[in-house]
Amino acid sequence: DFCARDSARVDVKLVPKWDKTMISRAGQVQEEGFFSIGVIGLKYSTNLGTLWRSAYQLGAAQIFKVGGKSFEKVASDVVRAWTNVPFVQYKEWADLAGALPYATKLVAVEMGGEPLETFEHPKRAVYLLGSEVHGIPEAVVRMCHAHVALPSVRYESFNVAVAGSIVMYDRLAKLGK
């Protein structure tokens, strides 16, 4: 066998692969954090496909949906984001609430919250978007750690995929990752 023929010993060390954004100028590893984003009461699968693509491009750890219409893979995910960003389906709000990662802040993205331009994104966040028709139920908004709203010039209700993309871009711009 291989071991009998070759007596050389091989030591393998597992070294984490560090991204450049994780190293500070002083050479110290920085806490990067993570985020996930999803929709409660999704009505249109196309919106989830678009949100998934944006989540992949803007660094989300995962996307999810709570309740609503069952998800069907759609053509709007042209970059095959599903191969890199996991998707989780929760039957109801309590399932998501019970599965939140440790020390993670739940952020409602809904009209009437703190303006996005002044919002400080938590390092560990789960962003919750409302359905295209009804938004996030008020009882759910009250259970969130933060409530943020998107500014607009005319009509304050955005398409759910657009709203999610704006929030993820804002996070990237402010936190630099």
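Predicted model only: the values in this text are computed from it and were never measured. (Residues numbered from 1 in each chain as written. Predicted model: local features only at pLDDT ≥ 70, side-chain atom pairs only at ≥ 80, totals over all residues. Heavy atoms only, no water.)

> How would you summarise the sheet that holds strand β3 (residues 87–90) if you had to cite specific residues and measurements?
The strand order across the open sheet formed by six strands is β3-β2-β1-β5-β4-β6, and the pairing between neighbours is parallel. The sheet terminates laterally at β3 and β6 (146–149), the two strands that pair on one side only. Strand-to-strand, the axes of this sheet are offset by a mean angle of 30°, without reference to chain direction. In the packing of helix α2 (residues 45–58) onto the sheet, contacts are made with β1 (34–40), β2 (62–66), β3 and β5 (124–130), and the angle to β2 comes to roughly 155°. Sheet contacts for helix α5 (residues 160–175): β1, β4 (105–115) and β5; angle to β5, the most-contacted strand, approximately 160°. (Pairing = 2+ DSSP bridges. Helix = DSSP H or I, 4+ residues; strand = E, 2+ residues; numbered from the N terminus. Axes fitted to C-alpha atoms, helices over the stretch in contact; angles between N-to-C directions. Contact = heavy atoms within 4.5 Å.)

> Tell me about the environment of Gly 113, and please be specific about residues and values.
Topologically, Gly 113 is positioned in strand β4. Considering only alpha carbons, one finds Gly 113 and Leu 150, 37 residues apart in sequence, at a separation of 8.3 Å. If we skip the residues at most four places from it in the chain, Gly 113 touches His 147, Val 148 and Ala 149.

> Tell me about the layout of surface pockets, and name the residues and values.
Counted as a void, the largest pocket has a volume near 280 Å³. Taken together, 17 residues form the lining of the largest pocket, with Val 109, Glu 110, Met 111, Ser 157 and Phe 158 sitting closest to its centre. Ranked by the residues each element gives to the lining of the largest pocket, the list is headed by β4, at three residues. Of the residues in the lining of the largest pocket, the class split is nine nonpolar, five polar and three charged. (1 Å grid on protein atoms, 1.4 Å probe; cavity = no way out; pocket = protein on both sides within 12 Å on 5 of 7 lines; lining within 4 Å. Points joined across faces, edges and corners; volume = space filled by probe spheres on them. Nonpolar A, V, L, I, M, F, W, Y, C, P; charged D, E, K, R; others polar.)

> If you had to explain α2 to someone new, which residues and values would you point to?
An α-helix turns once per 3.6 residues; consequently, residues spaced three or four apart project the same way. Look at α2: 20 Å from first C-alpha to last across 14 residues, which is about the 20 Å you get at 1.5 Å a residue. Considering only its buried residues, α2 is in contact with β1, β2, β3, β5 and α5. Note on α2: the residue one or two positions beyond its end, Gly 59, has a positive phi of about 95°. (Expected span 1.5 Å × (residues − 1).)

> Explain the nonpolar core to me, and be specific about the residues and the numbers.
Within the largest apolar cluster, 28 residues are counted, with the highest numbers of intra-cluster contacts made by Ile 37, Leu 51, Ile 63, Val 109, Tyr 127, Leu 129 and Met 168. Among the secondary structure elements, those contributing two or more residues to this core are β1, α2, β4, β5, β6 and α5. In terms of nonpolar packing, the next biggest core, distinct from the first, is built from 14 residues, Phe 64, Ile 136, Val 141 and Cys 144 among them. (Core = buried A, V, L, I, M, F, W, Y, C linked by side-chain atoms within 4.5 Å. Buried < 20%, exposed > 50% of the residue type's maximum accessible area, 1.4 Å probe, protein only.)

> How would you sum up the pattern of salt bridges? Please name residues and give values.
Here the structure, examined in full by the defined rule, presents two salt bridges. The partner of Arg 142 in a salt bridge is Glu 138, and the shortest N-O contact between them spans 4.0 Å. Taken together, the positions of Arg 142 and Glu 138, both in helix α4 (residues 138–143) and four residues apart, correspond to about one turn of that helix. A salt bridge links Lys 174 to Asp 170; its shortest N-O distance comes to 3.0 Å. Taken together, the residues span about one helical turn, with Lys 174 and Asp 170 both in helix α5 at a distance of four residues. Given a relative accessible area of 14%, Asp 170 falls into the buried group. (Salt bridge = Lys/Arg side-chain N within 4 Å of Asp/Glu carboxyl O.)

> Give me the lowdown on the environment of Gly 68, citing residues and values where you can.
As for its position among the elements, Gly 68 is in the loop between β2 and β3. Note: C-alpha distance between Gly 68 and Ser 131 (63 residues apart in sequence) is 8.3 Å. Non-local contacts of Gly 68, meaning those with residues more than four positions away in its chain, are made with Gly 41 and Leu 42.

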